[in-house]
Amino acid sequence: MEASKKSAYETGTENPRINTLIKTSLSEKKVTVIGLGGGGEIALHLLRSGIVKQNLIDNDILESGNLVRHICGSRFIGNNKAFAVKELLDEYAGNQVSSINAYDWNIFDNRTLFYNLIHESDVVVCATDTDSSRYFINEVCIELRKPAIFVSMFEKGAGGEIFTYIPDFACYCCLADHGERKDFLKKYSETTDKKDCSSARDVSAAPGIGIDQSFLCSIAARKALDVLLADVEHSLPPVGTNWILWSLFGIANVIDKHLSSMLIMLEKQKDCIICNQWQ
Ligand SMILES: [Zn+2]
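Here we come to the pairing of strand S7 (residues 243-251). Here strand S6 (residues 159-165) pairs with S7 via five bridges, running antiparallel. When the sheet's bridge partners are listed, Glu 161 is paired in S7 with Leu 245. Two elements, S7 and strand S8 (residues 255-264), share seven bridges in a ladder whose sense is antiparallel. Bridging from a neighbouring strand, Phe 249 pairs with His 258 of S8. The hairpin formed by S7 and S8 contains three residues between the paired strands, and Asn 253 there has a positive phi angle of roughly 65 degrees.

A few words now on the sheet that holds S8. With mixed pairing, eight strands are arranged side by side in an open sheet as S3-S2-S1-S4-S5-S6-S7-S8. Two strands bound the open sheet, and with one partner strand each, they are strand S3 (99-103) and S8. Neighbouring strand axes in the sheet, compared pairwise and without regard to direction, differ in orientation by 10 degrees on average. Pairing geometry for strand S2 (residues 53-57) and S3, over five bridges, is parallel. Its bridge partner lying in S3, Leu 56 is registered against Ala 102. Packed onto the sheet, helix H3 (residues 38-48) meets strand S1 (30-34), S2, strand S4 (123-126) and strand S5 (148-153) and runs at close to 165 degrees relative to S1.

Moving on: H3. Among the 11 residues in H3, 10 count as buried, and that is most of the element. At the C-terminal side of H3, Gly 50 shows a positive phi close to 110 degrees.

Within a regular strand, side chains alternate between the sheet's two faces. Going residue by residue along S4, you find Val 123 and Val 125 tucked away on one face and Val 124 and Cys 126 tucked away on the opposite face as well. Where S1 meets S4, four bridges bridge the pair, whose relative direction is parallel. Residue pairing in the sheet places Val 31 in a bridge with Val 123 of S4. As judged from the three bridges shared by S4 and S5, these two strands associate in the parallel manner. Residue pairing across strands places Cys 126 opposite Phe 150, the latter belonging to S5. This β-α-β element, S4 to helix H6 (residues 131-144) to S5, shows right-handed connectivity.

The next point concerns the packing of helix H5 (residues 111-119) against H6. Taken N-terminus to C-terminus, the directions of H5 and H6 make an angle of 55 degrees; their axes are 10 Å apart at the nearest point. Classified by the angle their axes make, H5 and H6 are oblique. Crossing handedness for the pair H5 and H6: right-handed. In this structure, H5 contributes Phe 114, Tyr 115, Ile 118 and His 119 to the contact, and H6 contributes Val 140, Cys 141 and Leu 144. When the residues that make up the contact of H5 with H6 are grouped by side-chain class, the tally is six nonpolar, one polar and no charged.

Ranked by internal contacts, the top residues of the largest apolar core, which has 73 residues, are Leu 56, Val 85, Val 125, Ile 149, Ala 220 and Ala 224. The leading source of residues in this core is helix H11 (residues 210-228), at nine residues. Here Ile 149 is in contact with Val 123, Val 125, Cys 126, Ile 162, Thr 164, Ala 220, Lys 223 and Ala 224, once residues within four sequence places are set aside.

The next point concerns the packing of H3 against H11. Two elements in contact, H3 and H11, have axes whose closest approach is 9 Å; the angle formed by their N-to-C orientations is 45 degrees. Here H3 is positioned oblique relative to H11, judged by the angle of their axes. The way H3 lies across H11 gives a crossing that is right-handed. Contact residues: Gly 38, Glu 41, Ile 42, His 45 and Leu 46 in H3; Gln 213, Ser 214, Leu 216, Cys 217, Ser 218, Ala 220, Ala 221 and Ala 224 in H11. Taken together, the residues of the contact of H3 with H11 break down into seven nonpolar, five polar and one charged.

A few words now on the environment of Asn 138. Tracing the backbone through its elements, the reader meets Asn 138 in helix H6. C-alpha separation for the pair Asn 138 and Cys 126, spaced 12 residues apart in sequence, amounts to 8.9 Å. Those residues in contact with Asn 138 that lie beyond four places of it in its chain are Ala 148, Tyr 165, Cys 171, Tyr 172, Cys 173 and Ile 274.

Positive phi outside glycine occurs at Arg 145, with the angle close to 55 degrees. Along the chain, Arg 145 falls in the loop between H6 and S5.

Parameters at a glance
Per-chain numbering applies: the sequence of each chain, read as written, is numbered from 1 onward. Restriction of local features to residues with pLDDT of at least 70 applies here, the model being predicted, together with a cutoff of 80 or more for giving and counting side-chain atom pairs; totals for whole chains, interfaces and linings are based on all residues. Strand pairing requires that DSSP identify at least two bridges connecting the strands. Helix numbers and strand numbers start at the N terminus; a helix is a DSSP run of H or I with at least 4 residues, a strand a run of E with at least 2. Here, axes are lines fitted to C-alpha atoms. For helices the fit covers the stretch in contact, and angles between N-to-C directions go from 0 to 180 degrees. Contact between two residues is assigned whenever their backbone-derived C-beta positions fall within 7 Å. Neighbour counting defines burial: a residue surrounded by 20 or more other C-beta atoms within 10 Å of its own C-beta is buried, one with 12 or fewer is exposed, and intermediate counts give partly exposed, using backbone-placed C-beta atoms. Place the viewer so that the strands point away; then a crossover is right-handed whenever the path from the first strand over the helix to the second strand goes clockwise. Working rule for angles: under 35 degrees goes down as roughly parallel, over 145 as roughly antiparallel, 65 to 115 as roughly perpendicular, anything else as oblique. For any helix crossing, the convention is left-handed if the near helix is rotated counterclockwise from the far helix by under a right angle, and right-handed if that rotation is clockwise. As a working rule, the residues Ala, Val, Leu, Ile, Met, Phe, Trp, Tyr, Cys and Pro are called nonpolar, Asp, Glu, Lys and Arg charged, and the rest polar, with Gly in that last group. Each nonpolar core consists of buried Ala, Val, Leu, Ile, Met, Phe, Trp, Tyr and Cys residues. Their C-beta atoms, within 7 Å, join them into a set.

Rendered as structure tokens:
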């Protein structure tokens, strides 16, 4: 009976493969996740890989319409998403080892504190659904030289992308303004539309359901592990490339096949105003 009460962290230390990861100092790394919709699933993957130090930031409330693709169940409805995910992660980790901090913030309203959290992070995961927040997070990460993973799902859940910023290499702005990408993504207006989504709209206009989102969250978490393990000896083969396009059921003019990916190394764009200003 006692065994069933063990936390994911404790059972992880008994699993030879995860044990390798944990012993490579992942438990000392800190991740900041912004946007605790899909970001909650990424945070959970990272925790179960041994990352018990996390900052979770979201000022949104969990509504019933979110449950189709959120790790937290109905008992968390009405709670702030960051605090709901923290409570769940603490259950997985066991309170004695986890150091999960939740923040009910709009990052634009807490800039100084936000800078402090990014400064103490080893990698930042951006799972927000507005371009304004992505650009802001991109700039802060460049300024503070912190790696960042940007994850997003395309319209109607056809696919998505995971972009990784590493200091001195292409940034999110390089990607967002990239000519080829512009051809197949209608970006700004659609993402800003989602800003005020209500529960009903969230259900009817959601870009994808939980199973669609899970593929992207898994890849994003895997990419975050790559970044965290870059400077240590480990047993996880790196994914490589900074831009991963993921097709769930075909992205028009990009990937015809279902459940397939395209791995691209995006170069820093010469005309990127952010890179030109900061790096
Ligand atoms: Zn750039």
